[in-house]
Amino acid sequence: MQQLPVVVQTILKDYIALFHERLPNTLEGFYIQGSIALNAYVNDSSDIDFIAIINRRLSGEEVEVLAEIHSIIASNYQKPEMDGVYVLWEDIGKLEADDNIYPFYNDGKLSYGAYFNSITWWILKTNGISILGPEPTALRFEVEPQLLVSYVHENMNTYWAQRIQRIESSLGQLLHLSAEEIDFEIEWLILGLLRQYYTLKEHNVLSKLGAGEYGLLHLPEEWHQIIKEAINVRKGAGIEFFTSDEQRIEMALRFSKYIISYCNSSLIQKRIV
């Protein structure tokens, strides 16, 4: 098993100890997925993406205790943030679920929802790290590559296409955001879509940084400037490739439309034929 970053080890040790103290005899499995599992942890950018296995549905009072556990950990450790879902053993690998029965922690708060998809389970099965419980390869579920590709294709043409439309419709407001907020949009849009591109092309999953490097190797040079911009934002490198925010947002939008169009016309159509 790969070595976890020291800060991640420290946070998880405190979290699991606190969980066992506040909700004893409940947590039976804990797995890392996401960028850490993909060996692409970046200080101050990566989250601790997790899937926690509990042995029963939690009561309302117990969910409040769970929220307190996360609040304590978040107050003790500003970065990296925890981000994950609480499921039963029989929920592992599910692609359809009741949106109201799964507690998940994200962006500093505990909510309910179906906080998983084909990508979640694919990373868990192929690269997941067991902190508590059997190794992921021993878990009894599979994710077919076809299901992974179908999910990503639909996601690209719904969530990502709609996000591009929202950015275009509020471009004037976007230009008044802080440099850090614009950085976030650039990184999220460019590297997020490149992950989709990689999955549709290779039928596998890659980290954001890995997808950025893959894009530099496989996409026309005219897009390299905006890809490098997104990579450097992700790394916190502080290197500027554009003379204005307006210029880099415009390039990001053009690239986003290009990559969706390319995937739909070249990758998906070829796969169908």
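Just so it is clear, the structure is predicted and the values come from calculations on it, not from any experiment.

Undergrad: What's the story with the overall build of the protein chain in this structure? I'm lost.
TA: Broken down by element type, the protein chain carries 10 helices and six strands. Its C-alpha radius of gyration of 20 Å places the protein chain within 12% of the 19 Å reference for a compact globule of 273 residues. Principal-axis analysis of the C-alpha atoms gives the protein chain an extent of 55 × 45 × 35 Å. Residue burial in the protein chain is summarised as follows: out of 273 residues, 47% are buried. In the protein chain, once contacts between residues fewer than 6 apart in sequence are set aside, the share between residues at least 24 apart is 67%. If you sum the accessible surface of the protein chain, you get close to 13600 Å²; carbon and sulfur atoms cover 48% of it. Between the mean site of the 22 positive side-chain charges and the mean site of the 37 negative ones, the protein chain shows a separation of 5 Å.

Undergrad: Explanation requested: the sheet that holds strand β4 (residues 103-106) in the structure shown.
TA: Note on sheets: strands pair through backbone hydrogen bonds, and any given pair is parallel or antiparallel. Strand order across the open sheet formed by six strands is β5-β4-β3-β2-β1-β6, with mixed pairing between neighbours. If you trace the sheet from one side to the other, it starts and ends with β5 (109-112) and β6 (129-132), each paired once. This sheet shows a mean twist of 20 degrees between the axes of neighbouring strands, independent of strand direction. Most of the contacts of helix α1 (residues 6-22) go to strand β1 (residues 27-32), to which it runs at about 160 degrees, and overall it touches β1, β2 (48-54), β3 (82-87) and β6. Strand contacts of helix α3 (residues 60-76): β2, β3, β4 and β5, with the helix running at about 145 degrees to β5, the strand carrying the most contacts.

Undergrad: In this structure, what is going on with empty space enclosed by the protein? I would like to understand it.
TA: Take a probe with the size of a water molecule and roll it over the atoms, and the empty space left behind shows itself. For the structure shown, the criterion picks out one cavity of 30 Å³ or more. Considering only enclosed or pocket space, the largest cavity measures out at about 60 Å³ in volume. For the largest cavity, the full set of lining residues is I167, L174, I182, E185, I186, L189, I249, A252 and L253. Where the lining of the largest cavity is concerned, the elements lending two or more residues are α7 (179-202) and α10 (245-272). Ranked by residues supplied to the lining of the largest cavity, first place goes to α7 with four residues.

Undergrad: Help me understand the UniProt feature "domain: Adenylyltransferase AadA C-terminal" (unreviewed entry) in the protein chain, please; the structure alone is not making it clear to me.
TA: The positions UniProt marks with the feature "domain: Adenylyltransferase AadA C-terminal" (unreviewed entry) are residues 178-253. The span residues 178-253 shows a helical share of 74% and a strand share of 0%, and its end C-alpha atoms are spaced 18 Å apart.

Reading the values: the criteria
- Residues numbered from 1 in each chain as written.
- Predicted model: local features only at pLDDT ≥ 70, side-chain atom pairs only at ≥ 80, totals over all residues.
- Heavy atoms only, no water.
- Helix = DSSP H or I, 4+ residues; strand = E, 2+ residues; numbered from the N terminus.
- Rg over C-alpha atoms; globule rule 2.2 N^0.38 Å.
- Buried < 20%, exposed > 50% of the residue type's maximum accessible area, 1.4 Å probe, protein only.
- Contact = heavy atoms within 4.5 Å.
- Areas by Shrake-Rupley, 256 points an atom, 1.4 Å probe, with all protein chains shown as cover.
- Lys, Arg positive; Asp, Glu negative; His and termini not counted.
- Charge placed at Lys NZ, Arg CZ, Asp CG, Glu CD.
- Pairing = 2+ DSSP bridges.
- Axes fitted to C-alpha atoms, helices over the stretch in contact; angles between N-to-C directions.
- 1 Å grid on protein atoms, 1.4 Å probe; cavity = no way out; pocket = protein on both sides within 12 Å on 5 of 7 lines; lining within 4 Å.
- Points joined across faces, edges and corners; volume = space filled by probe spheres on them.
- UniProt positions renumbered as here; feature names shortened; annotations may be inferred.

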